[in-house]
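# Working through the structure, step by step
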Amino acid sequence: MSAEIVPTEIVVVPHTHWDREWYEPFQRFRLRLVALLDEVLDTMEREPGYHFTLDGQLACVDDYLEVRPENRDRIAALVESGRLAIGPWQILLDEFLCSGENIVRNLELGMDRADKLGGAMPVGYLPDMFGHTAQMPQILRKAGLLHACVYRGVPSAVTTDAFAWVAPDGTAIRTQYLPAGGYGNGAHLFHDPDGLAERAATFVTTMRRWHGPEGSLLAMYGTDHSAPVRGLPEMVAAIGARMDTLSGYVGAYSGDVAGLPAVPGELRSHARANILPGVISIRPHIKQAMGRAERMVERYAEPFAALWGGEWPGRFLDMAWWRLVDASGHDSVTGCGVDETAQQVAARIAEAEHLGQAVRDMVTARLAATVPAEGILVVNPSPAARTGVVLLDVAGLDPLVDPSGAVVPVQPLEYAPTLLLDEEMDPATALTFVHGTELYGQHITGWSVEDGVLTFTVARTSTLAFDVADLRDALDGVTRVRIVAEPRRTVAALVQVPPLGHTSVRPMPHALVFTAPAPSEDDDTATHDPACWLASDVSPLPARGDEEILDNGLVRVTIAADGTLALVGADGTTITGAGRIVDGGDVGDTYNYAPPAHDLLVSEPVAVETELIHTGPLVAVVEVRRTYEWPAAGDGLAETPELPARSRTARTERTVVTTRVELRSGEPFVRLRLDFDNRCDDHRVRFHVPLPEPATESHAEGQFAVVTRGLTAEAGCGETPLPTFPASSWVAAGGAAVLLEHVTEYELTGDGELALTLLRSAGYLSRNRNALRPEPAGPQLPTPAAQSRGLRSLNLALMPSASWQQAPPAAEVFRHDLVTVAGTGEPSLPLPAAAYGLSVTGEGVTMTSLRMRDDWHELRVVALTPDATEAVVAGGLTEARHADLRGRPGDTLPVTDGTLRLPLKPWEIATIQFRKL
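Residues numbered from 1 in each chain as written. Predicted model: local features only at pLDDT ≥ 70, side-chain atom pairs only at ≥ 80, totals over all residues. Heavy atoms only, no water.

Another aspect to go through is the overall build of the protein chain. Helix and strand content of the protein chain: 14 helices and 51 strands. For the protein chain, whose C-alpha radius of gyration is 31 Å, the value lies close to the compact-globule estimate of 29 Å for 917 residues. With the C-alpha coordinates aligned to their principal axes, the bounding extent of the protein chain is approximately 110 × 70 × 60 Å. Here the protein chain holds 917 residues, and 60% of them are scored as buried. Pairs at least 24 apart in sequence give 75% of the contacts found in the protein chain among residues at least 6 apart. When the 75 basic and 120 acidic side-chain charges of the protein chain are each reduced to a single mean position, those positions are 4 Å apart. (Helix = DSSP H or I, 4+ residues; strand = E, 2+ residues; numbered from the N terminus. Rg over C-alpha atoms; globule rule 2.2 N^0.38 Å. Buried < 20%, exposed > 50% of the residue type's maximum accessible area, 1.4 Å probe, protein only. Contact = heavy atoms within 4.5 Å. Lys, Arg positive; Asp, Glu negative; His and termini not counted. Charge placed at Lys NZ, Arg CZ, Asp CG, Glu CD.)

This brings us to empty space enclosed by the protein. Scanning all chains against the criterion turns up 9 cavities of 30 Å³ or more. In this structure, the largest cavity spans a volume of roughly 130 Å³. The wall of the largest cavity is formed by 16 residues, among which P284, H742, T757, L758 and L794 lie closest to the centre. Contributing elements (two or more residues each) for the lining of the largest cavity: helix 9 (284–308), strand 39 (744–748), strand 40 (753–760) and strand 41 (790–800). Looking at the lining of the largest cavity, the element that brings in the most residues is helix 9, giving 4 residues. Taken together, the residues that form the lining of the largest cavity break down as 6 nonpolar, 7 polar and 3 charged. (1 Å grid on protein atoms, 1.4 Å probe; cavity = no way out; pocket = protein on both sides within 12 Å on 5 of 7 lines; lining within 4 Å. Points joined across faces, edges and corners; volume = space filled by probe spheres on them. Nonpolar A, V, L, I, M, F, W, Y, C, P; charged D, E, K, R; others polar.)

Time to look at the packing of helix 4 (residues 100–115) against helix 10 (residues 314–327). Contact pair helix 4 / helix 10: the axes reach a minimum separation of 10 Å and the direction vectors enclose 105°. Considered as vectors, helix 4 and helix 10 are oriented roughly perpendicular to each other. Residue-level contacts link E101, N102, R105, N106, L109 and R113 of helix 4 to W321, W322, L324 and V325 of helix 10. (Axes fitted to C-alpha atoms, helices over the stretch in contact; angles between N-to-C directions. Parallel < 35°, antiparallel > 145°, perpendicular 65-115°, else oblique.)

What follows covers the environment of T206. Mapped onto the elements of the fold, T206 is located in helix 6 (residues 196–211). Look at T206 and you get partly exposed, because its relative accessible area is 24%. A C-alpha to C-alpha distance of 37 Å links T206 and L31, two positions 175 residues apart in sequence.

Here we take up the packing of helix 1 (residues 26–46) against helix 3 (residues 72–80). Packed helix pairs are characterised by how far apart their axes lie and by the angle those axes make with each other. Interhelical geometry of helix 1 versus helix 3 gives an angle of 55° and a closest axis separation of 11 Å. Comparing their axes, helix 3 and helix 1 come out oblique. Crossing hand, helix 1 versus helix 3: left-handed. Mapping the contact onto sequence places L41, D42, M44 and E45 in helix 1 and R74, I75 and L78 in helix 3. Of the residues assigned to the contact of helix 1 with helix 3, the class counts are 4 nonpolar, no polar and 3 charged. (Left-handed = near helix turned anticlockwise from the far one by under 90°.)

To continue, consider the nonpolar core. Among the nonpolar cores identified, the biggest contains 119 residues, and I10, L84, I86, W89, F163, W165 and F190 are the most heavily contacted of them. When residues in this core are grouped by element, the largest group, 8 residues, is from helix 1. Discounting chain neighbours no more than four positions away, the residues touching F163 are V150, V154, V158, I173, R174, T175, Y177, L260, P261, V263 and L267. Membership of the second largest hydrophobic core comes to 47 residues, among which are L550, L663, A727 and L748. (Core = buried A, V, L, I, M, F, W, Y, C linked by side-chain atoms within 4.5 Å.)

This paragraph deals with the packing of aromatic side chains. Inspection of the entire model under this criterion finds 16 aromatic pairs. Pairing Y300 with F304 gives two aromatic rings, centres 5.8 Å apart and planes at 80°, and the pair type is edge-to-face. You can see Y300 and its partner F304 sitting in helix 9, 4 residues apart, about one turn around the helix. Taking the relative accessible area as the measure of exposure, Y300 reaches 8% and is therefore buried. Overall, the relative accessible area of 2% leaves F304 in the buried class. Among the aromatic residues, ring-to-ring pairing joins W18, W22, Y23 and F29 into one connected group. The ring of Y593 has R684 sitting right over it, with the charged end atom 3.8 Å from the ring centre. (Phe/Tyr/Trp six-rings, centres within 6.5 Å; stacked < 30°, edge-to-face > 60°. Lys NZ or Arg CZ within 6 Å of the ring centre and 35° of its normal.)

It is worth spelling out the sheet that holds strand 12 (residues 386–395) at this point. The strand order 12-21-15 describes an open sheet built from 3 strands, whose pairing is antiparallel. At either end of the open sheet lies a strand with only one pairing partner, and these are strand 12 and strand 15 (410–415). When the angles between neighbouring strand axes are averaged without regard to direction, this sheet yields 25°. Direction of pairing for strand 15 relative to strand 21 (residues 488–497): antiparallel, over a ladder of 5 bridges. Among the inter-strand pairings, Y415 is bridged to a residue of strand 21, identified as R489. (Pairing = 2+ DSSP bridges.)

Turning to the pairing of strand 28 (residues 580–585), a few remarks are in order. The side chains of a regular strand alternate, first on one face of the sheet and then on the other. Most of strand 28 sits inside the fold, with 5 of its 6 residues counted as buried. Here 6 bridges tie strand 28 to strand 33 (residues 683–690), and the two strands are oriented antiparallel to one another. Across the sheet, R580 pairs through a bridge with H688, a residue of strand 33.

In the segment running from G87 into P88, the intervening peptide bond is cis, with an omega of 10°. Structurally, P88 can be placed in the loop between strand 3 (84–85) and helix 4. That bond from G616 to P617 is cis: its omega, 15°, falls within 30 degrees of zero. Note that P617 resides in the loop between strand 29 (607–615) and strand 30 (619–631).

With respect to the helices and strands, the residue E294 is situated in helix 9. As a buried residue without a salt bridge, E294 has its nearest oppositely charged side chain in R815, at a separation of 6.5 Å. Aside from chain neighbours lying at most four places away, what touches E294 is C98, S99, N102, R299 and L324. (Salt bridge = Lys/Arg side-chain N within 4 Å of Asp/Glu carboxyl O.)

Turning our eyes to something else, we now look at the pattern of salt bridges. Across all of its chains, the model carries 62 salt bridges by this definition. R673 is paired through a salt bridge with D675; the nearest N and O atoms lie 2.9 Å apart. Here R686 ties to E747 by a salt bridge, and the two come within 2.9 Å at their closest N and O atoms. Note that R686 is positioned in strand 33 and E747 in strand 39, a separation of 61 residues in sequence. Neither R686 nor E747 differs from the other in exposure class; each is buried. Through salt bridges with shared partners, a single network forms among E101, R105, E302 and R860.

Moving on to the sheet that holds strand 33. In spatial order, the strands read 28-33-40-39-36; together these 5 strands make up an open sheet with antiparallel pairing. Pairing within the sheet leaves two strands with one partner each, and these edge strands are strand 28 and strand 36 (724–727). Within this sheet the neighbouring strands show an average axis-to-axis angle of 35°, counted without direction.

With that settled, consider the pairing of strand 35 (residues 706–709). Where strand 34 (residues 698–701) meets strand 35, 4 bridges bridge the pair, whose relative direction is antiparallel. Within strand 35, the position partnered with H699 by the bridge is T708. Between strand 34 and strand 35, which pair antiparallel and follow one another directly, the connecting turn spans 4 residues, one of which, F704, has a positive phi of 65°.

On to the side chain of R767, then. Structurally, R767 can be placed in the loop between strand 40 and strand 41. Accessibility expressed as a relative area gives 13% for R767, which makes it buried. A polar side-chain atom of R767 sits 2.8 Å from the main-chain carbonyl oxygen of V587. Within the structure, the side chain of R767 is placed 2.8 Å from the backbone oxygen of G588, a separation counted as a polar contact. (Polar contact = N/O pair within 3.5 Å; in protein donor to acceptor, adjacent residues only side chain to side chain.)

Below is the structure:
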């Protein structure tokens, strides 16, 4: 060999990067995984010097052992020997497309599972994520990890192979960067014994530029779905290198960050590698489903079960979390796989939501049994008291009262039909409709026969002991059958509910009802139906509306002739022209947006209609229907020889976008639901909000953080750095805030608008030629389902907001509806007293999790504030203690009069465990 290599100068880390599902669905990839790990185990047992790093995720081990359970002890022996590195993650996630709590549970599951096999790799290995969230250093450190390892998203300011990655709270973690090829930077070294020394010498020269003159150089030997090459130990020895695991290499460093360059916050630079930002907006139904399922488990199922559920339904919740974590994979929830993969991910997410719903419903059914049958239980998922509007289906026309006897303000919205059947009929036929006391989905409360007509009366509940034999004797001469239901109505009701607690309401025939004073003639926002307002001293103010103006005293909404909205907040902040819909071409792929060479933007509707649905006083609603002519596809050939490049097709699809504009009493934002039938391909649809004030930066809620971003993104590797970013529950800029149900792509445009992507349609997993990305991101496979054809529906809210600090509490209300359940107790029962669960308050303090761990309640909060603050946890606490992110207990905390006062640093994530009365 002509080139000399300094002994042990190179540390070779054999590994595989295993995409669990991607351009093939999960089970097809698993077949290849089993063959790979069979070979790895045989090789490692045959060659004692062989080391292997299993991609930092336990999913590989679990998927293998489900097929090869007899090999568990073989894996455990190699892990315990330090030669096989597993974990710490359960799955290699996409950090931006799941909740912060999902990230924590992922790490918790992976480390707990790895501990049972000999221990997790003590490195936060993040080799292929499409950028990294700001709080990851704090998450890793609070789980007991001292090192991270990253590839994508690292900014150009990093010129060394290690840096101090600093979270918003100041936590700094030593981070190993993978330059010059990422997790495959050594993959080229050993493909052929010939020229090995020369390749090794070149590798040393390249890596010394990053590493400096001293210390060993990390050669990550592995690629996607790769097996170890035969003869590797001999080739490693031939160049004087040594073989190790990633944890073995990183473990040579103490974790001390002194002297390392500091990099704060999230890593989303395009300078060193593609970060493929278009995955945020492709297959939006998967992102919607993920957000809905996470909220169901995190904010309904677990807290309700912890406070009100009796025996902890741990196994059901564990199954929900397994599915949520599995779905968070960086080729799963991202939607950048084939259609079969997306279908399986969607099914997995749906199962998680169903499991969460089952637990929530089990708990609320337990509570509903204490509420009389005609009453309705209302449960609050928020850790602060709520006065909010709920929609109730109630019997009769009587006023509603709460447990104290106070009249509950209501607004009738709809009346159910009372005549369910009136036909000439053989009564014997009618009797076949009866099942016990059930008839037409309700229960028989009585019957009569008069003038040849058999009349049943039915209701949702009944105490009648119905005997069909008695009825048969009275059927002579009956030729007609009628079914009459009790009067029922759907009403909006304004209820007050304790924090994480519950209350109930019921109709009361003799309740005293007051009506609001008649509005003055010069009040142009007055309700058209003041008699619906059932109390004269109700706070907040009523919501009032007509076809042009909605107003509730906190925000005033005016609907313009073109269907856009003007909003005025209580402080005078004004947004004009909000809700403009812009459709443009997209000839990119599931990874990257790319406009056609000759794009056509459609923003003006060809027709606009408005319809007043409800006038108030609790809910005022107007539907706006805008009709557009959208090009049918974005990848058609140009129609003239002078324009040979591709452009959008001349053929159009008439598309109606319906916007339900809803203003509720007491809310400082307007709720919007957008519906349309997507019949077009290769396009992007965005929702534009002109900003009240010029803005050079945006603020968006992410995973346990609020991230501030500018108007540009850093370029460098070739991928066009579009300034599009993810927002989890809200984004704010220039006096406007948008509240979100799920992770949504947004851009702060140069012309002073906030643009949110509602839909991005693409027909290929990756295009070999993408105008905004020079290299393929995967195979060029068709993904017709990624065009997202069909009915699209999504919810968001707009709020004039002078400060982003107003957005988190508003998003808490918008994202977490009060839960209502019909009472199932005996009708004679009184309404149970309103019950207080647990309150968590404090400036900028947000609750992210509440569950049981053994016989302790475990609560996680985050300080979403740049200033030190205090979390006040109240609700009959008897003792409390700190815990880390893995639930391991720490120092005891003082509890006074059932209350814990917990100081928090800015942006601190804190986990506490407590017992309560």
